[in-house]
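The residues making up each chain are set out below.
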Amino acid sequence: MARLPRFVIPGQPQHIIQRGNNRQAIFAADADYQFFRDTLVEAATEHGLAVHAYVWMTNHIHLLATPESGHAISKVFQSVGRRYVQYFNTIYGRSGTLWEGRYRATVVDSERYLLTLMRYIELNPVRAGIVTAPGDYPWSSYCRHALGDLGRNADWLTPHPEYLKLGHRDPERQLAYRALFQTVITSADLTGIRECTHKGWVLGSERFKEQIEALGNRRATSKGVGRPRKEKNRV
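Residues numbered from 1 in each chain as written. Predicted model: local features only at pLDDT ≥ 70, side-chain atom pairs only at ≥ 80, totals over all residues. Heavy atoms only, no water.

Looking at this structure, how should I read the packing of aromatic side chains?
Within a pair of aromatic rings, the relevant descriptors are the distance that separates the centres and the angle that separates the planes. Within the structure shown, the criterion is met by 22 aromatic pairs. Taking the centre distance of 4.3 Å and the plane angle of 15° together, the rings of Phe 27 and Tyr 33 count as stacked. The same class applies to Phe 27 as to Tyr 33, namely buried. Plain terms: the ring middles of Tyr 84 and Phe 88 are 5.8 Å apart, the flat faces sit at 40° to each other, and that makes the pair tilted. With Tyr 84 and Phe 88 both in helix H2 (residues 72-92), this residue pair falls 4 residues apart, about one helical turn. Here Tyr 84 matches Phe 88 in class, with each residue buried. (Phe/Tyr/Trp six-rings, centres within 6.5 Å; stacked < 30°, edge-to-face > 60°. Buried < 20%, exposed > 50% of the residue type's maximum accessible area, 1.4 Å probe, protein only. Helix = DSSP H or I, 4+ residues; strand = E, 2+ residues; numbered from the N terminus.)

Below, the structure is given as structure tokens:
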């Protein structure tokens, strides 16, 4: 089956996932996360990609980011992928590919899903059983949004307007953001986020999907709705 072209709408956020090949580890030490961060920040600055939220797990990463141009995401991931694989292979004496094909991404309806998606991303370590609270995990954007801690690998993030709407000042936003985590993400939203990102569909309301379809000149969602596929260890 031919691969569908990606939706890339400049100025519209996307949820992006990149996994290790065969779900193998892509990070083995703190230095690996740090090199990946530095490489990503450099590429994102160069190519115009504003990163709003992230989590870097042992064998995959999540980003919520807004591209300034139609090529921003692909250029960032080409640059980061090439440099990080070279680094990782050199450090660990290996060769060959590290990534599971091309990254997966979905255009996100900011008003409906952005804050939910931020929680989804930052709760990954909790769902995986690595930590009991999102603030205990060092390689995510949670502490930046919930606590205002810029020193924990998040001083380079760009706050999204939907996050800024949570309050007039940082303490108000942080309090409101922490309160969001008292509500469980619904199973419907979990399924929607996972399916749309995996298949490249648009994550949003029906009206939003129609708007993106008109801009992207292809379908933004499945033709029909079937029984949800059982997920296996997917976070």
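Even after reading the chapter, I still don't get the pattern of salt bridges, so can you show me in this structure?
In a structure, side chains of opposite charge can pair up when their charged atoms sit close to one another. Evaluated as defined, the whole model comprises 8 salt bridges. Among the ionic pairs, Glu 42 bridges to Arg 83, the shortest N-O distance being 3.3 Å. Within this pair, whereas Glu 42 is found in helix H1 (residues 30-47), its partner Arg 83 is found in helix H2, the two being separated by 41 residues in sequence. The exposure class assigned to Glu 42 is partly exposed, which follows from its relative accessible area of 46%. (Salt bridge = Lys/Arg side-chain N within 4 Å of Asp/Glu carboxyl O.)

What should I look at first to understand the side chain of Glu 162 in this one?
By secondary structure assignment, the location of Glu 162 is in helix H6 (residues 161-164). When neighbours within four sequence positions are excluded, Glu 162 is seen to be in contact with Ser 110, Glu 111, Leu 114 and Leu 115. (Contact = heavy atoms within 4.5 Å.)

Explanation requested: the nonpolar core in the structure shown.
One broad trend across soluble globular proteins is that nonpolar side chains are buried collectively. Counting residues in each nonpolar core, the largest one holds 57 residues, and the members touching the most others are Phe 36 and Trp 56. Contributions of two or more residues to this core are made by H1, strand S2 (49-56), strand S3 (60-67), H2, helix H3 (110-122), helix H5 (142-147) and helix H8 (187-199). The element best represented in this core is H2, accounting for 8 residues. Phe 7, Ile 9, Phe 208 and Ile 212 belong to the second largest nonpolar core, which has 6 residues in total. (Core = buried A, V, L, I, M, F, W, Y, C linked by side-chain atoms within 4.5 Å.)

What is the right way to read the pairing of S3 from this model?
Across the 8 residues of S3, 8 count as buried, placing the element largely inside the fold. Burial along S3 is two-sided: His 60, His 62, Leu 64 and Thr 66 facing one way and Ile 61, Leu 63, Ala 65 and Pro 67 facing the other are all buried. Pairing analysis gives 6 bridges linking strand S1 (residues 14-19) to S3, with the strands arranged antiparallel. Bridging across to S3, Gln 14 finds its partner in Ala 65. Bridge analysis of S2 against S3 gives 7 bridges, and the strand direction is antiparallel. Each bridged residue has a counterpart across the sheet, and for Val 51 the counterpart in S3 is Ala 65. Remark: 3 residues form the turn of the hairpin made by S2 and S3, two consecutive strands paired antiparallel. (Pairing = 2+ DSSP bridges.)

How should the packing of H1 against H2 be read in this particular structure?
The packing of two helices is summarised by the inter-axis angle and the distance between the axes. At their nearest, the axes of H1 and H2 sit 9 Å apart, and the two run at 155° to each other. Relative to H2, the element H1 lies roughly antiparallel. Of the two elements, H1 crosses H2, and the hand of that crossing is right-handed. Here H1 contributes Ala 31, Asp 32, Phe 35, Phe 36, Thr 39, Leu 40, Glu 42, Ala 43, Ala 44 and His 47 to the contact with H2, which in turn contributes Ala 72, Lys 75, Val 76, Ser 79, Val 80, Arg 83, Tyr 84, Tyr 87, Phe 88 and Tyr 92. For the contact of H1 with H2, the class distribution of residues is 13 nonpolar, 3 polar and 4 charged. (Axes fitted to C-alpha atoms, helices over the stretch in contact; angles between N-to-C directions. Parallel < 35°, antiparallel > 145°, perpendicular 65-115°, else oblique. Left-handed = near helix turned anticlockwise from the far one by under 90°. Nonpolar A, V, L, I, M, F, W, Y, C, P; charged D, E, K, R; others polar.)

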